[in-house]
Structure formats: structure tokens, C-alpha cells
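For reference, the chains in residue letters:
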Amino acid sequence: MTDPLAGAARSEPPPGSPSGLDLDRLAGYLGRHRPDLLAGPLRAELLTGGRSNLTYLVRGGDREFVLRRPPLGHVLATAHDMGREHRVITALADTAVPVPAALAYCPDESVLGAPFYLMERVPGTVYRSRAQTSALSSGQRRRLALLMMDVLAALHTVDPAEVGLADFGRPDGFLARQVRRWGGQLDRSRSRPLPGIDELRERLAAHPPDGSGAGNRGRIVHGDYRLDNLIVELPADPAGVSGRVRAVLDWEMATLGDPLADLGLLLTYWEVLGGAEPPVVTGPVDGLGPGAGFPTGAELIDRYAARGGVDVGPLDWHVALGCFKLAVICEGIHYRHCLGQTVGAGFDRIGTLVAPLVAHGLTALRAGPV
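Everything numeric here is computed off the predicted structure, so don't read it as measured data.

(A) Quick peek at the sheet that holds strand S5 (residues 116-119). Sheet architecture is open: 5 strands sit in the order S1-S2-S3-S5-S4, paired in antiparallel fashion. The two strands at the open ends of the sheet, each matched to only one other strand, are strand S1 (42-46) and strand S4 (102-106). With strand direction ignored, the average angle separating the axes of adjacent strands in the sheet is 25°. Bridge analysis of strand S3 (residues 63-69) against S5 gives 3 bridges, and the strand direction is antiparallel. Bridge assignment links Val66 to a residue of S5, and that residue is Met119. Most of the contacts of helix H1 (residues 23-33) go to S1, to which it runs at about 120°, and overall it touches S1, strand S2 (54-60), S3, S4 and S5. The sheet contacts of helix H2 (residues 82-91) involve S3, S4 and S5, and relative to S4 the element is tilted by about 155°.

Put into C-alpha cells, the structure is as follows:
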């Protein structure tokens, strides 16, 4: 339903509004629905690091919060679902999985041009660059990686039915459906030759695991779990025995399915891109992996298995799926960048990641069991 007070669409946001966020319209919405968040004139800034949905820090007087909305253009069907993000962080609020408190959800596109939601600002650090991780001791790097795996194991042990998420996805056939879904996204974002990507898609589709190993069917899958989607509190403790994850962010692709898909994608970030030579200097892989002084992927999986009490088994297919999925996401961002529909820095290099991801995915399928 359209908000009758939203008024006619603006051609340009008011002065002081960052791209994609009309502060006058947001103030009107808050005045009607969350006046407690409107303690003064609104100011906002685009937070760095996002490659998909747009994330803003908004301040009004002595109040501050975070707003999430989809990208500005070429939004693919089923992607960038603000309602799903808001629902899952609300459901996980009282579990062992740390999430920001959900403050409001607005499905009405007439307010900002797209659905959006508000959440609390969680203090802490997001580690997304080599400059940040190189300043850590070896003990701190190890602690950071183990904390990341402990929280992922905690997520995968949550019973969806107990937190009101029993209908959040369709676990049966999840992995085969993932291949079809990302293949469809590729078809809608393809703008240049991409050697090998169709072979990778076909090989994944030919032999998907059934996803039922170790009782894994029907767990909550984050969909993009990685270090720079965590807000971390890591005190100055060179031995690396303290610290905690304060919040897990970016739940836009969360669903129910095989949690090994999260592990496959995490290993793709950690060792495929994080271990690239020369180092990849963009996005969530700069300064990650064993080459940057972190534990190996095998150590991460061992920690996860011990904390979750599961036998993970071979992950070659899941890593190949992670490579395919990330290649499609990068190609979609590259496509939006070429159309001038991205906001933020670094998008000009995203397209260069597609070829190495495809190559590694094919290597994983040829080398390991399927």
C-alpha cells in the first residue's frame, strides 16, 4: 500500500542527502512511524564496504541508526529483499547469534523509491582491509578467525521453527535450486563474454549433493558469511584470548537450506580470493587468508566442525558453488557499474574477479569428488 503522505516523486534529493536517500522523505516517515528516532534534523552518510545493498548511518540530534535499502538500479528478482533481512534479524534477536536490533521496516516504495529497514548501530570494528588486519598480532588474527567460525556454527545450530522461521525457505532441493537461481541471475546480468562460466554452471547442475549430510537439511543459511560482514570487538590483547563478535550483518540472501553452502562460500573468500597472487585489492578479501597470517581454511573447518559437533566431509562441490555464486554477483555489480548505477568506490575492479573465480570453481570440480 502506498503511503498517501509520501507525495510526488522528486527528481533530486534535498541538499545534504546522500545518493539514494532522501532525508526529507525519511524524516516524514519517522515522524509518522518512529518519532522517537527523530530527535533533530537528519544527517546521513553512506557507509563504505557495501557492494550490493546500500547502507547508511543516519543521525538525528542525539539519536543514530542504520538504514538499509536496495541498490539504485538493475535490481534482479528475488535479490535485495529488505523484508527478509528485517525478518531474520528480528527472529535471531534472542539466540546465540549476535544481530543488530531491528527498529522498523518500510515496504512502501513511495517513501524512498524502494523498501528499506532501520536497525541499531552496533559499536565495534568491521575488518575489511589489509591495513586493519596487518596491525593485528598473530594471536589476534587467530582469535578473529575462530570467533568467526564459532558464530557460524552457532547460527547453523539454531532450530528455524523455534525462532519463527520454519517457512523461511524450502530446504528440499536447495543446492540444485541455488545453481538454477544464480544461473538465472547470470542470464540477466551478462553483458560480455565469460569463458568457462557456462561449463561451471552445467557441471554444478549435473551433480548437486542432496544436502542432507550430518543432519544439515533445513538449517538457517546466511548466504554471504565472511569476515567483513561481522562487527567485532577485539581488545588490544596480543595473545588473542579475548574479543567477541557483536553483530552479523547483511542477511539479504538468508534462507533455509544446506549450511555447507555457507562454508563453501567462506572458503572461496578466504582461500580462493584471499590467497590470490598478486593480492586482490578490492572488497572483502584484502588482507585475509593464510598469506595474511590467518589460519588456513582447513583449520577454520576443523573449528566449525568441533563447535557444531558435525562431520563436514568433502566441500569441493560447495566451494565450486561459492565460486559460481560470487562470480555471478561480481558480474552483476560490474554490469551496474557499467550502467552508472553503483554508489561508492572500487566498483571498476569488481569485474576482474570473475575469471579467476570461474577457473577455480572448475578446478575444484575436476579435482574433488562430486
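Resuming the write-up.
(B) The arrangement of the pairing of S2 in detail. Across the 7 residues of S2, 6 count as buried, placing the element largely inside the fold. Count of turn residues in the S2/S3 antiparallel hairpin: 2 residues, of which Gly61 carries a positive phi of about 65°.

(C) Region of the structure containing the layout of surface pockets. Quantified by volume, the second largest pocket comes out at close to 400 Å³. Along the wall of the second largest pocket there are 23 residues; nearest its centre are Phe174, Gln178, Arg181, Met253 and Thr255. Contributions of two or more residues to the lining of the second largest pocket are made by helix H6 (174-189), helix H8 (260-273) and helix H10 (316-338). Among the elements that line the lining of the second largest pocket, the one with the most residues is H6, at 5 residues. Of the residues contributing to the lining of the second largest pocket, the split by class is 8 nonpolar, 7 polar and 8 charged.

(D) Here's a closer look at the nonpolar core. Formed by 92 residues in total, the largest nonpolar core has its most connected members in Leu92, Val97, Met148, Leu204, Trp251 and Leu263. Once you skip the residues sitting within four places of it in the chain, Trp251 turns out to touch Glu85, Val88, Ile89, Leu92, Val97, Val99, Leu155 and His222.

(E) Geometry of unusual backbone geometry. Its identity as a non-glycine residue notwithstanding, Asp250 has a phi of 60°, on the positive side. Locating Asp250 in the fold gives a position in the loop between strand S8 (244-248) and strand S9 (255-257).

(F) Region of interest: the packing of aromatic side chains. Tallied over the entire structure, the rule returns 2 aromatic pairs. Ring centres of Tyr29 and Phe116 lie 5.3 Å apart, and the angle between their planes is 75°; this geometry places the pair in the edge-to-face category. Placement of Tyr29 in helix H1 and of Phe116 in strand S5 is noted, with a sequence separation of 87 residues between them. Exposure remark for Tyr29: the relative accessible area of 5% places this residue in the buried category.

(G) Representation of the environment of His337 in the model. Considering the arrangement of structural elements, one finds His337 in helix H10. Judged by relative accessible area, which is 31%, His337 ranks as partly exposed. C-alpha separation for the pair His337 and Gly351, spaced 14 residues apart in sequence, amounts to 9.3 Å.

(H) Just H10, in detail. Taking 1.5 Å of rise per residue, the 23 residues of H10 would be expected to cover 33 Å, and the 33 Å separating its terminal C-alpha atoms lies within 8% of that figure. Most of H10 is tucked away: 18 of the 23 residues are buried. Looking one or two places after H10, you find Gly340, whose phi comes out positive at around 75°.

(I) Representation of the pattern of salt bridges within the structure. Under the counting rule described, the total for this entry stands at 21 salt bridges. Among the ionic pairs, Glu252 bridges to Arg68, the shortest N-O distance being 3.9 Å. Within this pair, whereas Glu252 is found in the loop between S8 and S9, its partner Arg68 is found in strand S3, the two being separated by 184 residues in sequence. Here Arg68 falls in the buried class, since its relative accessible area comes to 2%. Ionic contacts of the salt-bridge type, sharing partners, join the residues Glu45, Arg59, Glu64 and Arg121 into one network.

Calculation criteria
- Residues numbered from 1 in each chain as written.
- Predicted model: local features only at pLDDT ≥ 70, side-chain atom pairs only at ≥ 80, totals over all residues.
- Heavy atoms only, no water.
- Pairing = 2+ DSSP bridges.
- Helix = DSSP H or I, 4+ residues; strand = E, 2+ residues; numbered from the N terminus.
- Axes fitted to C-alpha atoms, helices over the stretch in contact; angles between N-to-C directions.
- Contact = heavy atoms within 4.5 Å.
- Buried < 20%, exposed > 50% of the residue type's maximum accessible area, 1.4 Å probe, protein only.
- 1 Å grid on protein atoms, 1.4 Å probe; cavity = no way out; pocket = protein on both sides within 12 Å on 5 of 7 lines; lining within 4 Å.
- Points joined across faces, edges and corners; volume = space filled by probe spheres on them.
- Nonpolar A, V, L, I, M, F, W, Y, C, P; charged D, E, K, R; others polar.
- Core = buried A, V, L, I, M, F, W, Y, C linked by side-chain atoms within 4.5 Å.
- Phe/Tyr/Trp six-rings, centres within 6.5 Å; stacked < 30°, edge-to-face > 60°.
- Expected span 1.5 Å × (residues − 1).
- Salt bridge = Lys/Arg side-chain N within 4 Å of Asp/Glu carboxyl O.

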